[in-house]
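Each chain, written out:
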Number of protein chains: 2
Amino acid sequence: MTDSAISVTALKRRIDCALGRTPCELCLHNARWVDVFNGKIIEKADIFIDAGKIVDAGRHCKARALETIDVEGSLVAPGLIDAHVHIESSMLSPVQFARLVAPYGTTTIITDPHEIANVLGISGIRYMMREAKRSEITIRFMLPSCVPSTPYETSGATLKAQDLVDLMHEPEVLGLAELMNVPGLLAKDEDLLEKVALTLNAGKLIDGHSPLTTGAELSAYAACGVTSDHEASTFKETEDRLARGMKMFMREGSAAQNVDALSQTVTPLNSRFFSLCTDDASPDDVFANGHVNYVLKRAVSRGIDPIEALRMATINTALHFGLKSKGAVAPGYDADLVIFEDLEHFKVKEVWIAGRRVAQNQRMLTPEPVTVADETVKGCVKIKPLSLESFKLTSRSGKARVIGLHAGDLINDHLLLEVNTRPDGSIDCDINPGLLKLAVIERHHATGRMGLALLKGFVAEGKELNGAIASTIAHDSHNIVIVGDNDEDMLAAAQAIEAMQGGLVLIRSGKVFQSLPLEIAGLMTDRPAQETAGKKRALIEAAHRDFHIPEGIHPIMTLGFLPLAVIPHLRLTDLGLFDVDRFCHVNIDPE
Amino acid sequence: MTDSAISVTALKRRIDCALGRTPCELCLHNARWVDVFNGKIIEKADIFIDAGKIVDAGRHCKARALETIDVEGSLVAPGLIDAHVHIESSMLSPVQFARLVAPYGTTTIITDPHEIANVLGISGIRYMMREAKRSEITIRFMLPSCVPSTPYETSGATLKAQDLVDLMHEPEVLGLAELMNVPGLLAKDEDLLEKVALTLNAGKLIDGHSPLTTGAELSAYAACGVTSDHEASTFKETEDRLARGMKMFMREGSAAQNVDALSQTVTPLNSRFFSLCTDDASPDDVFANGHVNYVLKRAVSRGIDPIEALRMATINTALHFGLKSKGAVAPGYDADLVIFEDLEHFKVKEVWIAGRRVAQNQRMLTPEPVTVADETVKGCVKIKPLSLESFKLTSRSGKARVIGLHAGDLINDHLLLEVNTRPDGSIDCDINPGLLKLAVIERHHATGRMGLALLKGFVAEGKELNGAIASTIAHDSHNIVIVGDNDEDMLAAAQAIEAMQGGLVLIRSGKVFQSLPLEIAGLMTDRPAQETAGKKRALIEAAHRDFHIPEGIHPIMTLGFLPLAVIPHLRLTDLGLFDVDRFCHVNIDPE
């Protein structure tokens, strides 16, 4: 959705409609109208809509309408706003993401295109912004603040402050996205501070991301203009952040859930400074639970007043981000509406966007959009030719550093193990039961850079993988990550990924066993959410059932975070094994 | 005060200061710190200040300071914000207005330069903006929406939408000022709607002014993007406006007082949408009671929680107007602080602006500023030569329409009286006891336009004025208004006003009896507030004591509103007598 300029003609029509001189297009009759400003519900209200805007709402309007729909006492609330979400995590293009979440009442999101920026830089962000305009919900942007995340890997792009200047002045850009590099900020990283200054001088906002940061460090962070955080989970963290002017985004998403804890920190004095967000929303979770309406439900189930929770999902967020026509059902506001069955489960009956009914009973009513072939985000897997030799791993000492996985935890172990080697020093999985090979292959510039490592815990004890799994979702640089127990299947996996130009693949005996093509930057697809969720589910099920990946190890997520050089303790990037505790690259052979 | 761009160097220093690596300039030690976000007072806090900004605030800061001031348990709150005030009403230039209100804790105002715009148009607004930069408080602007107020008078300037385009994009302009012409809006006045569209498309705000407007009319008004009102005085008016997304500015000023009534409408659910304002602040009232701190005191005395009241005077207003660095004592915010003795009387001990102590015990500590001779706003009284003949008033019928004043009320009567005339038909005061002559002389373009009328009730019964009173404060076009009982003194008054180039004057026997020069546009002076207040007081006292103006008739205000062609029932503009009920000009002689 794009904002268009307001014309005098449009204003005249609004006046005439409100005064009943001209009929409005539509009236929602007999509504329980949620008045977010007074914090009240008005029974038996009429809501008049014309040209995509609310013209009037209340009980004794003078307005009249060409069409009247009796909503039979249903709750009519402002469309929900997700204060912070990464579209890429859904594996869906913006247009498809919009169609995923709109049926659950989400009509506006603030997104950080961090993942695609790591692959395609400015061109990737521009693609997201173009697609946002084609999508059925309103999408606003925060610009990624840390691309690449670390210097210990090869990303597709590097975004310096200078690169962000033009984008920062675009109207749909609201500021700088989650400023994750807290140590960098406190160490006065020049480029990071230039990004901060650019944002503040453009009059825009900086989102925070500061788990565990406290005291003077938090003050220094806030003093640089950070005005939100979505990582808090305790009363102390909430109070500390609010005291420093940082709004709280209460998160409940596919990757992290804080509502249970954070609900306890809400008081009548601070509730106005809370928003709701999901951070990450996978299609399967949305289909199962909902989106922001699920965050609402969780918040209310934890004792937050339903109207206050609704404000957190609407007007609070609109006010924070300066979205002047969003977040309320009031004259002049966008006619983005969600019709709920109740204020407990927040089950969505209908969703209206810009005065048009787009969804009913959790299904989009609008036709599947035409896919626009956007070549700027395709063909994003560029690798040097590989051979079986590429996957050869050796140790002279007969010892090796091994990444040891724990079920249900992204933090891993830095193991030092004795390994069985062949006469030439090479380590193969067939002579090292329980160990798998891990490869990270640079895929942006065809440099041929490739890191190799050993992995423990990715296959169930006593079982064999008997194949390879590969993905182009590999945080944050999104190189190709492959795990396998034989070099042939690993090579085949790399080749399959190259052939698909991105996505997820299971390989057995040199053949594709399951696949999920992600043709957009190797991260997303233009295929509908239902289809994508189905393929993803099938792939995950096969990974567990047929490739013996144990419960608690997520075939996509665990794999995807193995290259992220900031999560303890041992990681693999395309530049080699990385010791997060010592913060440097290390050899496989510890001697 | 002007905002300067934020530099990387400044951010680095903030970080170093917060972390204690570099000492801050200053620490306010042992403060009762008002944390507006959590809505709490933290005892024994330290507030660290450097380079005009708050670096940290709280109890266990790592920051240290070169200088520490023990504030001995005093309350340290954010500097107060006046959400809506007309500087011109004070008769002081912006620089002097700043020095008037700063000692009472006001560190930011949002002003509508409506009066000077009627005299000097864009050039007058530009003058205010230049002076704002030289002043010691932060001054932000809303652009006048209705210049001239009516077409029934000659103003100094006409501001069409097109004239406002450049100004609307200035950073210190926050939007369009009180949209008073509600009937014009509802009648879809083209130019007014162009101003509305200009403002909304610039992403800025529209302030309201809609006394008595309700229902569909209020919805039409809000649908055009009006987001505040400062004219409400009942619970119903508050609820109706909030429901339509209009914030409430609770007003207590020299001209109107609504806190008593509005305080009763504040609830924990809506308090976040209230701000405080004065609208008009005369120096004598400020010296007697205070400024926004007086509004606070009144609000708290009417039962509003002190912290909630403080939020209304600080963070609520800053959030509404998007003043990102104002309204809180928190890291990164401007070090605009007010130190109160208590939360009941809000007596101000000290005021700090941008980290500098500017006032103590209600007195400015900074030196009297150098007056900059700004020729663009001087010489604003341009009249055609007058003679005694100019003041000649006749009636052929022996009857006349007479403006009848009531003590304590700006609404007047439209009287039809028998009058005594000389053989040539002329009406003189000496043969009509109790009647005075009123003249309004166009003074912007020397057109020679002049209206004459008869006035009853301006002089105490049985007494004589024996002279003339003249003023260039004459709403809204600010022509010269003169009342007198003889043509010689009225002529002398016009000549004295011309000689002073604006201001107020009492004339007796052809000589100046008292005067208050207002050399800036005929509305304001660069002289200090104390001096101006003294002269004004002397002039008012003389008017009552020596010119026998009765109690309840304000020599300046009553006079100043006689030309305002929107207050019932009979007014006088330079174009002649105006019947407000029939909304047209009428003759003195009713036959």
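Residues numbered from 1 in each chain as written. Chains lettered and ligands numbered in written order. Predicted model: local features only at pLDDT ≥ 70, side-chain atom pairs only at ≥ 80, totals over all residues. Heavy atoms only, no water.

Caption draft 1: Spotlight on the overall build of chain A. In terms of regular secondary structure, chain A is built from 16 helices and 28 strands. Relative to the globule expectation of 25 Å for 591 residues, the C-alpha radius of gyration of chain A, 25 Å, shows essentially globular dimensions. The burial tally for chain A puts 63% of its 591 residues in the buried class. Taking the contacts inside chain A whose residues are at least 6 apart along the sequence as the reference set, 68% of them involve residues at least 24 apart. Total accessible area computed for chain A in this model is approximately 20,000 Å², and 51% of it derives from carbon and sulfur atoms. On chain A, the mean spot of the 60 positive side-chain charges and the mean spot of the 78 negative ones are 5 Å from each other. (Helix = DSSP H or I, 4+ residues; strand = E, 2+ residues; numbered from the N terminus. Rg over C-alpha atoms; globule rule 2.2 N^0.38 Å. Buried < 20%, exposed > 50% of the residue type's maximum accessible area, 1.4 Å probe, protein only. Contact = heavy atoms within 4.5 Å. Areas by Shrake-Rupley, 256 points an atom, 1.4 Å probe, with all protein chains shown as cover. Lys, Arg positive; Asp, Glu negative; His and termini not counted. Charge placed at Lys NZ, Arg CZ, Asp CG, Glu CD.)

Caption draft 2: Inspection of the pairing of strand β20 (residues 435-441) of chain A at higher detail. All names here are of chain A. Most of β20 is tucked away, with 7 of its 7 residues classed as buried. Of the two faces of β20, the one lined by L435, K437, A439 and I441 and the one lined by L436, L438 and V440 are each fully buried. Inspection of the sheet shows β20 paired to strand β21 (residues 450-456) by 7 bridges, in the antiparallel sense. Across the sheet, I441 pairs through a bridge with M450, a residue of β21. Pairing of β20 with strand β23 (residues 480-484), which is carried by 5 bridges, proceeds in the antiparallel orientation. Pairing of A439 across the sheet is with I482, part of β23. (Pairing = 2+ DSSP bridges.)

Caption draft 3: Looking closely at the relation of the copies chain B and chain A. In the superposition of chain B on chain A (RMSD 0.1 Å, axial shift 0.0 Å), the rotation amounts to 180°. What the superposition gives is, in effect, a two-fold axis relating one chain to the other. Most of the interface of chain B is mirrored in chain A, where 98% of its interface residues again form contacts. (Least-squares fit on C-alpha atoms with pLDDT ≥ 70 in both.)

Caption draft 4: The arrangement of the packing of aromatic side chains in detail. Taken as a whole and judged by the stated rule, the model has 16 aromatic pairs over all chains. Taking the centre distance of 5.8 Å and the plane angle of 40° together, the rings of A:F249 and A:F321 count as tilted. Of this pair, A:F249 sits in strand β12 (residues 247-251) while A:F321 sits in helix α13 (residues 315-321), placing them 72 residues apart in sequence. Residue A:F321 is classed as buried on the basis of its relative accessible area, which comes to 6%. Relative to B:F37, the ring of A:F273 lies with its centre 5.4 Å away and its plane at 70°, an arrangement referred to as edge-to-face. Here the residue A:F273 occupies a position in the loop between α9 (259-263) and β13 (274-277), and B:F37 occupies one in the loop between β1 (24-35) and β2 (40-50), the pair thus bridging two chains. The exposure class assigned to B:F37 is buried, which follows from its relative accessible area of 2%. Among the aromatic residues, those joined into a cluster by ring pairs are A:F37, A:Y333 and B:F273. Geometry around A:F513 places A:R508 over its ring, the cationic atom sitting 5.4 Å from the centre. (Phe/Tyr/Trp six-rings, centres within 6.5 Å; stacked < 30°, edge-to-face > 60°. Lys NZ or Arg CZ within 6 Å of the ring centre and 35° of its normal.)

Caption draft 5: Molecular detail of the interface of chain B and chain A. Taken together, the contacts link 63 residues of chain B with 63 residues of chain A. Among the residues chain B hides against chain A, the three largest losses belong to B:F37, B:N38 and B:R272. Together they make up 12% of the total. There are 10 salt bridges connecting chain B and chain A. With its nearest N and O atoms 2.4 Å apart, the salt bridge here joins B:K12 to A:E190. At the junction of chain B and chain A, the tally comes to 24 residue pairs in polar contact (both at pLDDT 80 or more). Each residue belonging to the side of chain B that touches chain A can be placed in one class, and the counts come to 33 nonpolar, 10 polar and 20 charged. (Buried area = accessible area lost by both parts, 1.4 Å probe. Salt bridge = Lys/Arg side-chain N within 4 Å of Asp/Glu carboxyl O. Polar contact = N/O pair within 3.5 Å; in protein donor to acceptor, adjacent residues only side chain to side chain. Nonpolar A, V, L, I, M, F, W, Y, C, P; charged D, E, K, R; others polar.)

Caption draft 6: The arrangement of the sheet that holds strand β25 (residues 511-517) of chain A in detail. Residues and elements named next belong to chain A. Read across the sheet, 8 strands follow the order β19-β18-β21-β20-β23-β22-β24-β25 without closing on themselves; strand pairing throughout is mixed. What marks the edges here is a single partner per strand, and that holds for β19 (409-418) and β25. Neighbour to neighbour, the strand axes of the sheet diverge by 25° on average, direction disregarded. Here 6 bridges tie strand β24 (residues 503-508) to β25, and the two strands are oriented antiparallel to one another. Along β25, the bridge assignment pairs R508 with K511. Seen against the sheet, helix α14 (residues 487-500) touches β20, β22 (468-471), β23, β24 and β25 and runs at an angle of roughly 145° to β24. Against the sheet, helix α15 (residues 529-545) contacts β22, β24 and β25, and its axis sits at roughly 145° relative to β25. (Axes fitted to C-alpha atoms, helices over the stretch in contact; angles between N-to-C directions.)

Caption draft 7: Spatial organisation of the side chain of A:S282. Residues and elements named next belong to chain A. Assignment of secondary structure puts S282 in the loop between β13 and α10 (283-289). When its relative accessible area of 7% is taken as the criterion, S282 is described as buried. Not counting the four nearest positions on each side in its chain, S282 is found in contact with S90, S254 and K536.

Caption draft 8: Region of interest: empty space enclosed by the protein. Evaluation of the coordinates by the stated rule reveals 6 cavities of 30 Å³ or more. In this structure, the largest cavity occupies an estimated 60 Å³ of space. Considering the residues around the largest cavity, the lining is formed by B:P78, B:G79, B:I81, B:T107, B:T108, B:S325, B:K326, B:G327, B:A328, B:D334 and B:D336. Grouping the constituent residues of the lining of the largest cavity by class yields 3 nonpolar, 5 polar and 3 charged. As for the second largest cavity, its lining consists of A:P78, A:G79, A:I81, A:T107, A:T108, A:S325, A:K326, A:G327, A:A328, A:D334 and A:D336. When grouped by side-chain class, the residues that make up the lining of the second largest cavity number 3 nonpolar, 5 polar and 3 charged. (1 Å grid on protein atoms, 1.4 Å probe; cavity = no way out; pocket = protein on both sides within 12 Å on 5 of 7 lines; lining within 4 Å. Points joined across faces, edges and corners; volume = space filled by probe spheres on them.)

Caption draft 9: Region of interest: the pattern of salt bridges. Residues and elements named next belong to chain A. Scanning all chains against the criterion turns up 76 salt bridges over all chains. A salt bridge links R99 to E368; its shortest N-O distance comes to 3.6 Å. Note that R99 is positioned in helix α2 (residues 94-101) and E368 in the loop between β17 (363-364) and β18 (399-406), a separation of 269 residues in sequence. A relative accessible area of 12% means that R99 is categorised as buried. Ionic pairing is found between D428 and K437, a salt bridge with its closest N-O pair at 3.6 Å. Among the residues examined, K437 registers a relative accessible area of 1% and is labelled buried. Through salt bridges with shared partners, one network takes in R422, D428, D430, K437 and D487.

Caption draft 10: Examining the sheet that holds strand β10 (residues 205-208) of chain A more closely. Residue and element names in this part refer to chain A. Reading across the sheet, the 5 strands line up as β6-β7-β8-β9-β10 and stay open at both edges, with parallel pairing between neighbours. Among the strands making up the open sheet, the edge pair consists of β6 (80-85) and β10. Adjacent strand axes in the sheet meet at a mean angle of 30°, parallel and antiparallel pairs treated alike. Pairing geometry for strand β8 (residues 138-143) and strand β9 (residues 173-179), over 3 bridges, is parallel. Bridging across to β9, F141 finds its partner in V173.

Caption draft 11: Inspection of the environment of B:A446 at higher detail. Residues and elements named next belong to chain B. Tracing the chain through its elements places A446 in the loop between β20 (435-441) and β21 (450-456). The spatial distance from the C-alpha of A446 to the C-alpha of I383 is 4.0 Å, given a sequence separation of 63 residues. With near-sequence residues (within four places) excluded, A446 lies in contact with K382, I383 and K384.

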